[in-house]
Amino acid sequence: MDKRPIGIFDSGVGGLTVVKQIIKALPHENIIYFGDTARVPYGTKSKKTVTKFSKQIVRFLLTKNVKAVIIACNTASSNSLQELRQTFDIPIFGVIVPGVEEALRSTKNKKVGIIGTSSTIRAYETLLAEADSSIEVYAKPCPLFVSLVEEGWTENIVAKLTAQNYLQELVEKGIDSLVLGCTHYPLLKRCIGETVGSSIKLVDPAKSTATMVKSFLAEHKLLQQGENISERYFYISDDTDTFSNMCKKALKKEYIPEVIDIESY
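Let's talk about the overall build of the chain
Here is step 1: Within the chain, the regular secondary structure consists of ten helices and ten strands.
Here is step 2: By its C-alpha atoms, the chain is 50 × 40 × 40 Å across when sized along the principal axes.
Here is step 3: Considering only residue pairs separated by 6 or more positions, the chain has 74% of its internal contacts joining residues 24 or more positions apart.
Here is step 4: As presented, the chain carries roughly 11,900 Å² of accessible surface, and 49% of it is formed by carbon and sulfur atoms.
Here is step 5: When the 33 basic and 30 acidic side-chain charges of the chain are each reduced to a single mean position, those positions are 3 Å apart.

What follows is the structure, given as structure tokens:
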């Protein structure tokens, strides 16, 4: 048994959907979450900058004695995972590989849709092609989805029209699986699902990541055992209302985050 917490970080607050899945899969695990609200978004930044930010965050999480780190951010997962693993002697997980594996299990006709930032889409395209060269990938950046989620507009007419505009061309390609390649997107799952129809399975990498982490911790005897009440601490780099709003939506509970100077790590 290992009582040390799991560290989770994101470029902002979307990673709270990953926290949600970790809590479901591992309810007794302690959690330390960091959201880089001062420097969001990562999707418009260079690989060098994203990796620099990610290293600072991992160094911060290590001060909290975490036993593993989950990169909840798709952009950081695609740009920085390998270098972080080479730099730090701790298990580090991204969300893209679990998403790829779930997409491979999900698709029957080998036509997979991906929505996310451009760098996230490229990472999925590369890994899916390496795993199965016969898979056809159809991708669409959907930048307005993030703003809709953070505004709380997840099921109104604006969200529905935006989803139709973004996703109709993917539906027309005949995809049978759609990867939600951004941590905000699961909060639009109902709207997206109604838009694409029940015949298209929505792949949430957060769920697959939680399953992968649980298996790893069990295999290496790092699981927190018993019926203990888990402890969850939240840190951000800038105080915004967005965290509180997303916390209520994703976790159905309000946590008070502590603001830290991430540049000092």
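Observations regarding the environment of E150
Here is step 1: Relative to the helices and strands, E150 resides in helix α6 (residues 144–151).
Here is step 2: Sequence separation between E150 and G14 is 136 residues; the distance between their C-alpha atoms is 8.8 Å.
Here is step 3: Discounting chain neighbours no more than four positions away, the residues touching E150 are V13, H184, T242 and N245.
Here is step 4: A polar side-chain atom of E150 sits 2.8 Å from a polar atom in the side chain of H184.

Brief notes about unusual backbone geometry
Here is step 1: In this structure, the amide linkage connecting V40 to the following residue, P41, adopts the cis form with an omega of 5 degrees.
Here is step 2: Examined against the element boundaries, P41 turns out to sit in the loop between β2 (31–35) and α2 (47–62).
Here is step 3: Phi is positive for K110, which is not a glycine, with a value near 60 degrees.
Here is step 4: Here K110 shows up in the loop between α4 (96–106) and β5 (111–116).
Here is step 5: Owing to a relative accessible area of 34%, K110 belongs among the partly exposed residues under this scheme.
Here is step 6: Located in the positive-phi region is K221, a residue other than glycine, with phi close to 55 degrees.
Here is step 7: For K221, the location among the structural elements is in the loop between α9 (205–219) and β9 (232–236).

Overview of the sheet that holds strand β6 (residues 136–140)
Here is step 1: With parallel pairing, the four strands of this open sheet are ordered in space as β6-β5-β7-β8. Two strands in the sheet have a free side with no partner beyond their single neighbour: β6 and β8 (201–203). Recorded for the sheet is a direction-independent mean angle of 25 degrees between the axes of neighbouring strands.
Here is step 2: Direction of pairing for β5 relative to strand β7 (residues 177–181): parallel, over a ladder of five bridges. Residue G113 lies in a different strand from β7, and its bridge partner there is L178.
Here is step 3: Against the sheet, α4 contacts β5, β7 and β8, and its axis sits at roughly 165 degrees relative to β8.

Brief notes about the pattern of salt bridges
Here is step 1: The tally for this structure, following the rule as stated, stands at eleven salt bridges.
Here is step 2: Measuring nitrogen to oxygen at the nearest pair gives 2.9 Å for the salt bridge that ties D132 to K110. In this pair, D132 is assigned in the loop between α5 (118–131) and β6 and K110 in the loop between α4 and β5, connecting sequence segments 22 residues apart.
Here is step 3: What you see here is one network of salt bridges that share partners, running through D36, R39 and E263.

Re the packing of aromatic side chains
Here is step 1: Summed over all chains, the structure comprises ten aromatic pairs.
Here is step 2: Taking the centre distance of 5.2 Å and the plane angle of 75 degrees together, the rings of F93 and F216 count as edge-to-face. Of the two residues, F93 is situated in strand β4 (residues 92–93) and F216 in helix α9; the sequence distance between them amounts to 123 residues.
Here is step 3: Owing to a relative accessible area of 7%, F93 belongs among the buried residues under this scheme.

Points about the pairing of β5
Here is step 1: Along β5, five of the six residues are buried, which leaves the element largely enclosed by surrounding structure.
Here is step 2: For β5 and β6, the ladder comprises five bridges, and the chain directions are parallel. Directly across from G113, in β6, lies its bridge partner Y138.
Here is step 3: Crossover connection from β5 via α5 to parallel β6: handedness right-handed.

Thoughts on the environment of P205
Here is step 1: By the secondary structure assignment, P205 is in helix α9.
Here is step 2: Assessed through its relative accessible area of 4%, P205 is described here as buried.
Here is step 3: Separated by 107 residues in sequence, P205 and P98 have C-alpha atoms that sit 5.9 Å apart.
Here is step 4: Setting aside residues no more than four positions away along its own chain, P205 makes contact with V95, P98, G99, Y124, V179 and L180.

Procedures and definitions
Residues numbered from 1 in each chain as written. Predicted model: local features only at pLDDT ≥ 70, side-chain atom pairs only at ≥ 80, totals over all residues. Heavy atoms only, no water. Helix = DSSP H or I, 4+ residues; strand = E, 2+ residues; numbered from the N terminus. Contact = heavy atoms within 4.5 Å. Areas by Shrake-Rupley, 256 points an atom, 1.4 Å probe, with all protein chains shown as cover. Lys, Arg positive; Asp, Glu negative; His and termini not counted. Charge placed at Lys NZ, Arg CZ, Asp CG, Glu CD. Polar contact = N/O pair within 3.5 Å; in protein donor to acceptor, adjacent residues only side chain to side chain. Buried < 20%, exposed > 50% of the residue type's maximum accessible area, 1.4 Å probe, protein only. Pairing = 2+ DSSP bridges. Axes fitted to C-alpha atoms, helices over the stretch in contact; angles between N-to-C directions. Salt bridge = Lys/Arg side-chain N within 4 Å of Asp/Glu carboxyl O. Phe/Tyr/Trp six-rings, centres within 6.5 Å; stacked < 30°, edge-to-face > 60°. Right-handed = clockwise from strand over helix to strand, strands pointing away.

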